[in-house]
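Observations on the three-dimensional arrangement
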Amino acid sequence: PPYLWRPDFYPPVATPSTCPLPMVMSYPVDIVFDESETSTHMQCVPCPRGTFSANGGTEDDCLPCPSGQYQEGTGRSACEGCPPGTWTYDGGDACIPCQLNTYQVGGVCVPCPDGYYTLGIGVTACIPCPNNMWSNNVSGGCRNCPREAISTGGTGVDGKSIVTGK
């Protein structure tokens, strides 16, 4: 639908070169000046949250922040890296803490390796299970070894090498 401007005001016509960085040019907007005059103009708009534009251009030039980086504001020329122990998806506008028994590696959260766990959320490293406990990536953390099995701290009860019968 057309945007109704005051009769005494004529908005500037935006071009890629007249939009100040990191603003970009919007899609055409129909502007009605009065009942007899309608014109199509481009407007400068900021890139939305989770995106950035380092070179200006059009709204199509607003690029999503890559995984592990975010942008919580609008109209930005770069994204920010997520703090340690957090991650975000492509185009993220906020970072999310790594969940229990996961840790951050290169901007993403991955499950702890077999025999390891975490004490909380938002961590960057896992710790080994204590003696007589085991874990694997489906156990949800360290578990007590079953009867007739011992462990020096490590991997699971289903055929893993660390668990042995008494």
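Reading guide: rules and limits
- For every chain, the first residue of the written sequence is number 1, and numbering continues from 1 along that sequence.
- The predicted nature of this model means local features are confined to residues of pLDDT at least 70 and side-chain atom pairs, given and counted, to a pLDDT of 80 or more, with totals for whole chains, interfaces and linings taken over all residues.
- Based on all heavy atoms of the structure, the side-chain values leave hydrogens and waters out of the count.
- We call two strands paired when DSSP finds no fewer than two bridges between them.
- Working definition: helices are DSSP H or I runs of at least four residues, strands are E runs of at least two. Numbering for both runs from the N terminus.
- Pairing of aromatic side chains here covers Phe, Tyr and the six-membered ring of Trp, requires ring centres within 6.5 Å, and sorts the geometry by plane angle: under 30 degrees stacked, over 60 edge-to-face, intermediate tilted.
- Buried, partly exposed and exposed residues are distinguished by accessible area as a fraction of the type maximum, computed with a 1.4 Å probe on protein chains only: under 20%, between the cut-offs, and over 50%, respectively.
- Put simply, a disulfide is two cysteine sulfurs that come within 2.5 Å.
- Here a polar contact means two N or O atoms within 3.5 Å. Within protein one must be a hydrogen donor candidate and the other an acceptor candidate, and residues neighboring in sequence count only if both atoms are side-chain atoms.
- Two residues qualify as a contact provided that any one of their heavy atoms is within 4.5 Å of a heavy atom in the partner residue.
- Just to be clear on terms, a salt bridge is a Lys or Arg side-chain nitrogen sitting within 4 Å of an Asp or Glu carboxyl oxygen.

With that settled, consider the pairing of strand 13 (residues 108-111). In terms of strand pairing, strand 12 (residues 102-105) meets strand 13 through four bridges, oriented antiparallel. Paired with Tyr-103 across the bridge in strand 13 is Val-110.

On to the packing of aromatic side chains, then. Considering all chains together, one arrives at one aromatic pair under this definition. Arranged with centres 6.4 Å apart and planes meeting at 70°, the rings of Trp-87 and Tyr-89 form a pair that is edge-to-face. Residue classification places Trp-87 among the partly exposed residues on the basis of a relative accessible area of 27%. You can call Tyr-89 partly exposed: its relative accessible area is 43%.

To continue, consider the state of the cysteines. Counted according to the given criterion, the structure contains six disulfides. In this model, Cys-47 is linked to Cys-62 through a disulfide, with the two sulfur atoms separated by 2.1 Å. With the S-S bond torsion at -85°, the cross-link from Cys-47 to Cys-62 turns out left-handed. One end of the pair, Cys-47, is in the loop between strand 5 (44-45) and strand 6 (51-52); the other, Cys-62, is in the loop between strand 6 and strand 7 (63-64), and 15 residues separate them in sequence. Both residues of the pair, Cys-47 and Cys-62, count as buried. There is a disulfide in this structure between Cys-82 and Cys-95, and the S-S distance comes to 2.1 Å. Here the disulfide of Cys-82 and Cys-95 is left-handed, its torsion about the S-S bond being about -90°. Of this pair, Cys-82 sits in the loop between strand 9 (80-81) and strand 10 (86-87) while Cys-95 sits in the loop between strand 10 and strand 11 (96-97), placing them 13 residues apart in sequence. A relative accessible area of 12% places Cys-82 in the buried class. Using a relative accessible area of 24% as the deciding quantity, one classes Cys-95 as partly exposed. Here Cys-145 is not disulfide-linked; the sulfur of Cys-129 is the nearest cysteine sulfur, at 9.0 Å.

A few words now on the side chain of Thr-86. As for its position among the elements, Thr-86 is in strand 10. Since its relative accessible area comes to 12%, Thr-86 is described here as buried. In terms of polar contacts, Thr-86 uses its side chain to reach the backbone carbonyl oxygen of Pro-83, at 2.6 Å. With residues up to four places along the chain from it excluded, the contact list for Thr-86 reads Cys-95, Ile-96, Pro-97, Cys-98 and Gln-104.

Moving on, we come to the pattern of salt bridges. Counted according to the given criterion, the structure contains one salt bridge. When the shortest N-O distance is used, the salt bridge between Asp-93 and Arg-49 registers 3.2 Å. Separated by 44 residues along the polypeptide, Asp-93 in the loop between strand 10 and strand 11 and Arg-49 in the loop between strand 5 and strand 6 bring together distant segments of the chain. When its relative accessible area of 24% is taken as the criterion, Asp-93 is described as partly exposed. Taking the relative accessible area as the measure of exposure, Arg-49 reaches 43% and is therefore partly exposed.

With phi around 65°, Asn-101 is a residue other than glycine that occupies positive phi space. Tracing the backbone shows Asn-101 in the loop between strand 11 and strand 12. With relative accessibility at 14%, the residue Asn-101 sits in the buried group. The phi torsion at Asn-132 lies on the positive side, around 60°, for a residue other than glycine. Within the secondary structure, Asn-132 is located in the loop between strand 15 (127-128) and strand 16 (133-134).

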